[in-house]
Each structure stands twice: as structure tokens, then as C-alpha cells.
Amino acid sequence: MTRKGKEVVILTSPNHNSAEEEEGGFDHSKINGRSFPSFPSFSSRNASSKYDFVKVKVWLGENADHCYVLSRFLLSRMLTVTKIPNHVAIKIALELKKLLIDNSLLDVSQSDLEANLFKLMERRGYGEEYINRYKMMTRFHHQRVPLVILVCGTACVGKSTIATQLAQRLNLPNVLQTDMVYELLRTSTDAPLASTPVWAREFNSSEELITEFCRECRIVRKGLAGDLKKAMKDGKPIIIEGIHLDPSIYLMDEENKLPAKMPEKCETNIVSVNLDDDPARQMENNSVSGNNTENSNCTTGYLTSEEGKPVNLVNKVVDSQESIDKAGSILDNKGETVKDLEGDRKTSVSLKSGPEPIIIPIVLKMAEFDHKALLEEWISTRSFSDKHPDEDKDRLITNLKIIQDYLCSFKSQGLTVANISATTFPQTLDWLHGHLLQSIEEGISSVSSENGRQPAQN
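All figures in this text were calculated on a predicted structure; none of them were measured in a lab.

What counts as what
Throughout this document, residue positions are counted from 1 along each chain, in the order its sequence is written. For a predicted model such as this one, the threshold for reporting local features is a pLDDT of at least 70, and the threshold for listing and counting side-chain atom pairs is 80 or more; totals across whole chains, interfaces and linings nevertheless cover every residue. No hydrogens and no water enter the side-chain calculation; it runs on all heavy atoms of the structure. Strand pairing is defined by DSSP finding a minimum of two bridges between the two strands. Put simply, DSSP marks the helices as runs of H or I at least four residues long and the strands as runs of E at least two long, and each gets a number from the N terminus on. In this description, a line fitted to the C-alpha atoms serves as the axis of each element, helices being fitted only across the stretch in contact, and the angle between N-to-C directions of two axes falls anywhere from 0 to 180 degrees. Residues count as neighbours in contact if any of their non-hydrogen atoms are within 4.5 Å of one another. Burial classes: relative accessible area under 20% of the type maximum marks a residue as buried, over 50% as exposed, and values in between as partly exposed (1.4 Å probe, protein chains only). Relevant arc is that of directions from the helix axis to the C-beta atoms, nothing else. Pairing of aromatic rings covers Phe, Tyr and Trp, the last through its six-membered ring, and needs centres within 6.5 Å; plane angles under 30 degrees mean stacked, over 60 mean edge-to-face, and all others mean tilted. A ring is considered to have a charge above it if a Lys NZ or an Arg CZ atom is located within 6 Å of its centre and within 35 degrees of its normal.

Let's talk about the sheet that holds strand 8 (residues 237–241)
Phase 1 of the analysis: Here 5 strands make up an open sheet; going across it, the order is 7-8-6-13-14 and the pairing parallel. Where the open sheet ends on each side, the last strands, each with one partner, are strand 7 (175–177) and strand 14 (416–420). Direction aside, the axes of adjacent strands within the sheet are offset by 25° on average.
Phase 2 of the analysis: Here 3 bridges tie strand 7 to strand 8, and the two strands are oriented parallel to one another. Its bridge partner being in strand 8, Leu176 is matched across the sheet by Ile240.
Phase 3 of the analysis: In the packing of helix 8 (residues 225–234) onto the sheet, the strands contacted are strand 6 (147–152), strand 7 and strand 8, and the crossing angle to strand 8 comes to about 155°.

Thoughts on the sheet that holds strand 3 (residues 57–60)
Phase 1 of the analysis: Spatial ordering of the open sheet is given by 4-3-5, a layout of 3 strands whose pairing is mixed. The sheet is open, and its two edges are formed by strand 4 (66–69) and strand 5 (107–109), each paired on a single side. Geometrically, the sheet is characterised by an average inter-axis angle of 30° between neighbouring strands, direction not taken into account.
Phase 2 of the analysis: Across the sheet, helix 3 (residues 110–123) touches strand 3, strand 4 and strand 5, and the angle it forms with strand 5 is around 85°.

Structural notes on helix 8
Phase 1 of the analysis: By the burial criterion, the buried members of helix 8 are Leu228, Ala231 and Met232. An end-on view of helix 8 places all buried positions within 95° of arc, on one side of the element. Exposed positions of helix 8 whose direction lies more than 90 degrees from the buried face are Gly226, Lys229 and Lys233.
Phase 2 of the analysis: In the core, the buried residues of helix 8 are packed alongside strand 6, helix 7 (206–223), strand 8 and helix 9 (247–251).
Phase 3 of the analysis: Positive phi appears at Gly235, one or two residues downstream of helix 8, with a value of about 70°.

Let's talk about the packing of aromatic side chains
Phase 1 of the analysis: Tallying each qualifying case throughout the model produces 4 aromatic pairs.
Phase 2 of the analysis: Ring geometry for Phe118 versus Tyr134: centroids 5.7 Å apart, planes at 80°, classification edge-to-face. Here Phe118, found in helix 3, pairs with Tyr134, found in helix 4 (residues 128–143); they are 16 residues apart in sequence, far enough to count as distant.
Phase 3 of the analysis: A relative accessible area of 11% places Phe118 in the buried class.
Phase 4 of the analysis: Look at Phe213 and Tyr406: their rings are 6.2 Å apart centre to centre, the planes differ by 80°, and that puts the pair in the edge-to-face class. Here Phe213 is found in helix 7, whereas its partner Tyr406 is found in helix 14 (residues 389–408), with 193 residues between them in sequence. The exposure classification of Phe213 matches that of Tyr406, with both residues buried.
Phase 5 of the analysis: What links up through ring pairs into an aromatic cluster is the set Phe213, Tyr406 and Phe410.
Phase 6 of the analysis: Taking NZ or CZ as reference, Arg133 lies 5.0 Å from the ring centre of Tyr130, over its face.

Laid out in C-alpha cells, this is it:
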């Protein structure tokens, strides 16, 4: 039976021993019908609290006809989504469960649970801003709005690290890597994909390289269709990271000139992540060098060819891809074909009739000097060719630079370009966390307004 109106007056701060402050066991329950993934524990010990052995049922709905068992692990994960530090989130979750059990509230409504939770959050200095984030993310999971986060960039810019860290911070279960999809398609299907990476091959021009890069990206997009369709159908969030991500495939409309729906701020007011723009972080950035000069590498929609002539590769490659699509198929060196690729443009990521998906593309880049040093070390551990290793190294670095400039050129169309640096990595990760939360909030607000207009139209 549900106990309603059971808010507890909190007078003093609970004093827990160190074992109670550690992360407890994982309870495989669901909140609002959505399961939250288990990530490796942040604590050094796998200790649990005595309160983990007592079950607290949380009842949902006005009639209290559904319930779930409260898990402080899942609760702490939800709190870290709001940008509360993990160790504090663990303490708040334990304090809440201790409070309920000590007051014999083993059956409690969701509203009463949240009322007590918000009081504990406020006591620790995480007030209205964090509470609003918690409510927003709860609403996001409840509405099952599809979320697609694209982490783009070339080799050695930290795509996998950023994607994994963001998935952990946002409590997202699915991270897909385009490298794995590429290899699976290459080895298990007749897709025209070469064993040598596109950036390790020779091309006559930058435009030819980008055209081939976009062709491979579209084939990989075809391989991701099943995962994207399931995410759209079930309303699940997904993060895709890797080099074979051409933002235009996921964002362009039928005319291939303007981005499809993105959060409004992404279209109008997103700039590359430069910590100098944030006064609160200026002191932390005093020792950072090289981040402010790299913006010249990304022009407003144009790249510079080897001859120094400006080339609008975004539009030229799109036009080139359109002519290829009209031909009906794409041929590889062996004469094999991949058909029906033009259907990708029509389907994009809107594969369901439900809420419009929130698509958040992020392009990662690095200061040229730092990136070159990492690439040289990375290339030295791989043998893309047995002939002329020095020449191959220069060609690989040049090709990767051309691809990076192409990806950065989408900044002029509203995409976020984040500058990655080892000295400012935590701050950049924190900024991206906040940026994603803001984009999600704008996305679900748009969904709510559309839902509000539908009854009026009917």
C-alpha cells in the first residue's frame, strides 16, 4: 500500500562511516520503463551499506498501480547526469535511502521520493539548477525521445575517450564504433570497402579524397541502419563515434544544402570550444598554448587545396554524390556494386513516426602541432605500406588533415567543433556534458510544443 504525503523533515546531516559512503550493489530495476546501464565502479572498494539489504518500493502514477525497487546505485547515476560529482551523488543516494528506512517509509510515492531527494540535494549546495536538470532528464527518459550523438573526427583526437566518458556521465548504454562496422562490412559482405584505410591511399586531389571518404561513410551509414532503426523505434539514446562519420549524411535534408532539425542553439550560437570564452575558466587556461591559433584551420565552409586555391568541398562533394546516386550504384575496383544507397538520404535518421530524434553532432579537433606528434607516433606502430615509410607518413598526415578540415567546415552550418587538449581535457569534457544537456532540453521542449499543437490541429 502506498504511503502518500510522507515527506521527512531533515534536521541534521547524517554521519556515515566510510563503508556506507562507498557505492552499493547494482539492483537491476527500471525507472520509467528504461534500464540504466552498469558502469565500472568509481570507488576503490566494493563495499556496501547495511541499508542495501532493505527494499524500498517506489510507487508510480496517481493510482499507484506500478512500482519499482529503489536502487541507490541507479539513483546516484541519475544524479551524476545532472553534473553532481560522483562521490557526492553516492552520498546523497545513501542519505536518501537511510532517511526513508529510518523513518519506516518502505513504500513511498515517486513525488514524495523526489521531494526528499531535492531537499538533500539543496542541503549539499546543489539547488534549483541541478534539480531542474534532474526533472528534465526524467522527462526525457519518460517521453522516450530518440537521441543520436555523433562524435566525429580523424585519428588520435580522442573520439573513443570522449564518447565513453560522455556515455558514462549521461548514463547512456550504447556506444557504437564505425571502425568495427567498417571491418564487419568489409570482411562479411560484398561492400566495396578496401582493406587499406582511405587516408592511407593515394589520390590526385583533395576533392577526390573527400569524395571517396564520403562514399565509404555512406556505406558505413548503411551498416548502422539496423541499430539506428531500433533506437528510433524504442526511443533509446545512442552514441556513434569514429572517423567514418560524415555529418551531412545524418543532418542534410533532401536538397542537401541545409541541416535537418537540430536543437536551436546548435544552429545559431555554437562556436568551437575555447576555454578563454568562459570567464570562470580563464585562470585554468592560462598555461594552455596553441589552442587559440588552430581556429584558422577551419574556414567558413571552405577548404584550401594544396595549390592555395579555395575549394568549397562540402557542396562539391554533395553534388558529386548526387551524380553517383543517379547512376544507381557504386563500383569498386573489383566491379562489385552497392545498390540502394540513395535511400539513405531519404531515410536519414527519421526512421519512425514518433517524436523527432534529437541529433547532436560534435566534431573533435586538436592543435596542429600536438595532433601531428600523436599521428606520427600512431603511424609508426602500423605498417600501411612497406615502401617509402617517410613518404607514406607525410601522405597519411596530409590526408588526415584534409579529412579533418572537411569535417570542421561544417562549423559554418551550426555544428559544434571542440578543441581537444591534454591540459584542458577535463574542462572540455565538462563543457560537452553541459552542451549535451542543453541540447537535450531544447530537443524535448520542441517535442512538447509539437505535441501541444497536434490536438489543436485535430
